[in-house]
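Fold and contact review
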Amino acid sequence: MYNKLTKPFRIKVLLPVIFLTTVFIPGSAQDSLSKKLFVIKDVKEYLKTANSDPGKRMIELSSKVPRLVYDLRYSTRENFMNLEMYTPATAVSFLRTPAAEALSNVQKELSAAGIGVKVFDAYRPYSVTVKFWELVKDERYVANPARGSGHNRGIAIDLTLINLNNLSELPMGTGFDNFSDTAHHSFVALPADILKNRKLLRTTMEKYGFKALETEWWHYFLPEGNRFEILDISFQELIKEASKHK
Ligand SMILES: C[C@@H](N)C(=O)N[C@H](C)C(=O)O
Ligand SMILES: [Zn+2]
């Protein structure tokens with residue numbers, strides 16, 4: 001049959017069809033994508049990557065960022081899942097070295113004006129993203145586990161601004177993980193002070209290399225994060241490893 005078709009027909013019609021169906025995977029094939037996603041679950045595997053590329057080392061944020069304040073909501077029940085998603089005793093968070101250094105520069109710049117950062121979440125084990133997705137299947141607000149989240153790669157952070165004198169949060173118009181259009185950067189029907197605070201967070205984060213997520217004013221990530229593997233390693237294991245590199 002194939003040989004009976006004219007050569008121009010084979011080139012002009014069949015080749016593009018074969019190309020398109022190979023490159024653009026139909027929706028039904030999404031499940032197999034997630035099965036193919038490479039996830040590091042063994043701390044020894046993570047260490048191999050960090051030893052060969054120092055930028056991949058996970059840094060505990062308060063060791064790098066002076067006066068950083070944590071409000072790690074997923075270690076408590078005060079989050080959209082209403083569940084303790086991390087071991088409740090988890091009191092620290094991590095980012096890959098370039099992201100931790102960028103955050104340190106953000107804090108340095110803001111502190112000159114008496115402002116600091118409060119971190120709601122940074123590194124998030126992949127298995128937690130899978131659980132989030134079971135409840136909220138909306139890619140505007142929760143990463144699809146088929147691709148994983150920048151949090152799983154250690155290059156995304158959820159944060160807000162605080163007054164360094166009394167540690168109060170600057171008003172941002174919505175709380176953390178308010179999954180509505182009011183939290184979008186494009187939503188500008190807000191009082192001037194709120195717009196100013198969101199703008200200060202965004203311009204400072206962008207100045208040091210982070211990118212904003214359009215649908216969440218609190219979420220920032222480093223671009224080209226795909227060079228950092230997705231991790232599903234516990235905080236306890238990361239804390240143990242980080243203590244050896246002090
Ligand atoms: C769940 C929310 N805090 C968040 O981080 N959302 C983004 C889209 C993510 O899951 O990567
Ligand atoms: Zn986030």
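Residues numbered from 1 in each chain as written. Chains lettered and ligands numbered in written order. Predicted model: local features only at pLDDT ≥ 70, side-chain atom pairs only at ≥ 80, totals over all residues. Heavy atoms only, no water.

Taking an unreviewed UniProt entry as the reference, the protein chain is identified by name as D-alanyl-D-alanine dipeptidase belonging to Terrimonas ginsenosidimutans. Under Function (unreviewed entry), UniProt gives the following word-for-word description of the protein chain: "Catalyzes hydrolysis of the D-alanyl-D-alanine dipeptide." Its UniProt record, at the heading Catalytic activity (unreviewed entry), says of the protein chain: "D-alanyl-D-alanine + H2O = 2 D-alanine". (UniProt positions renumbered as here; feature names shortened; annotations may be inferred.)

Some details on the site of ligand 1
Close contacts around ligand 1 come from 14 residues, with Arg124, Tyr141, Ala143, Ser149 and Asp177 the closest. One of the side-chain nitrogen or oxygen atoms of serine 149 is found 2.6 Å away from an oxygen atom of ligand 1. With respect to ligand 1, the side chain of histidine 151 contributes an N or O atom lying 3.0 Å from an oxygen atom. About the coverage of ligand 1: the protein hides 96% of its 320 Å² of free accessible area. In a pocket analysis with a 2 Å cut-off to the grid points, ligand 1 is assigned to the largest pocket. It is strand 8 (residues 216–221) that provides the largest number of residues to the shell around ligand 1, a total of three residues. Here the residues of the shell around ligand 1 sort into seven nonpolar, three polar and four charged. (Near = heavy atom within 4 Å. Polar contact = N/O pair within 3.5 Å; in protein donor to acceptor, adjacent residues only side chain to side chain. Areas by Shrake-Rupley, 256 points an atom, 1.4 Å probe, with all protein chains shown as cover. 1 Å grid on protein atoms, 1.4 Å probe; cavity = no way out; pocket = protein on both sides within 12 Å on 5 of 7 lines; lining within 4 Å. Sits in = over half its atoms within 2 Å of the grid points. Helix = DSSP H or I, 4+ residues; strand = E, 2+ residues; numbered from the N terminus. Nonpolar A, V, L, I, M, F, W, Y, C, P; charged D, E, K, R; others polar.)

What to know about the nonpolar core
Formed by 58 residues in total, the largest nonpolar core has its most connected members in Tyr46, Leu61 and Ile157. When residues in this core are grouped by element, the largest group, six residues, is from helix 5 (residues 97–111). Filtering out sequence-adjacent residues up to four positions away, isoleucine 157 remains in contact with Leu61, Leu95, Leu103, Val119, Asp121, Ala122, His151, Met205, Phe210, Trp218, His219 and Tyr220. (Core = buried A, V, L, I, M, F, W, Y, C linked by side-chain atoms within 4.5 Å. Buried < 20%, exposed > 50% of the residue type's maximum accessible area, 1.4 Å probe, protein only. Contact = heavy atoms within 4.5 Å.)

As for the side chain of lysine 118
With respect to the helices and strands, the residue lysine 118 is situated in strand 5 (residues 115–121). With sequence-adjacent residues up to four places away left out, lysine 118 is seen in contact with Val69, Asp71, Asp158, Leu159, Thr160, Ile162 and Glu169.

Overview of the coordination of the zinc ion (ligand 2)
Here the zinc ion (ligand 2) is held by His151 (NE2), Asp158 (OD) and His219 (ND1), and the distances to it run 1.9 to 2.0 Å. Considering all four donor atoms around the zinc ion (ligand 2), the spread of angles at the metal, 89 to 133°, places the coordination shape in the tetrahedral class. One chain supplies every donor to the zinc ion (ligand 2), and in sequence these donors are spaced H-x6-D-x60-H. For histidine 151, a relative accessible area of 1% corresponds to the buried category. (Donors = N, O, S within 2.8 Å, 3.2 Å for Na, K, Ca; no water. Tetrahedral: all angles 85-135°; square planar, octahedral: opposite > 155°, others 65-115°.)

Examining the pattern of salt bridges
Inspection of every chain in the model, using the stated rule, returns 15 salt bridges. Note that lysine 56 is salt-bridged to glutamate 229, the shortest N-O span being 2.9 Å. Taken together, the positions of lysine 56 in the loop between helix 3 (43–52) and strand 2 (58–60) and glutamate 229 in the loop between strand 8 and strand 9 (230–231) put the pair 173 residues apart, joining distant regions of the chain. What makes lysine 56 buried here is its relative accessible area of 11%. (Salt bridge = Lys/Arg side-chain N within 4 Å of Asp/Glu carboxyl O.)

Regarding the environment of alanine 91
Residue position: alanine 91 is located in the loop between strand 3 (69–70) and strand 4 (94–96). Given a relative accessible area of 51%, alanine 91 falls into the exposed group. Alanine 91 sits 144 residues away from phenylalanine 235 along the chain, and the two C-alpha atoms are 9.4 Å apart. Leave out the neighbours within four places in its chain, and alanine 91 touches Tyr70 and Leu72.

Some details on the pairing of strand 6 (residues 156–163)
Of all eight residues in strand 6, seven are buried, a share of seventy percent or more. Across six bridges, the pairing between strand 5 and strand 6 is antiparallel. The partner of valine 119 across the bridge, within strand 6, is leucine 159. In this sheet, strand 8 lies alongside strand 6 in antiparallel orientation, the contact comprising three bridges. Note that in strand 8 the partner of aspartate 158 across the bridge is histidine 219. (Pairing = 2+ DSSP bridges.)

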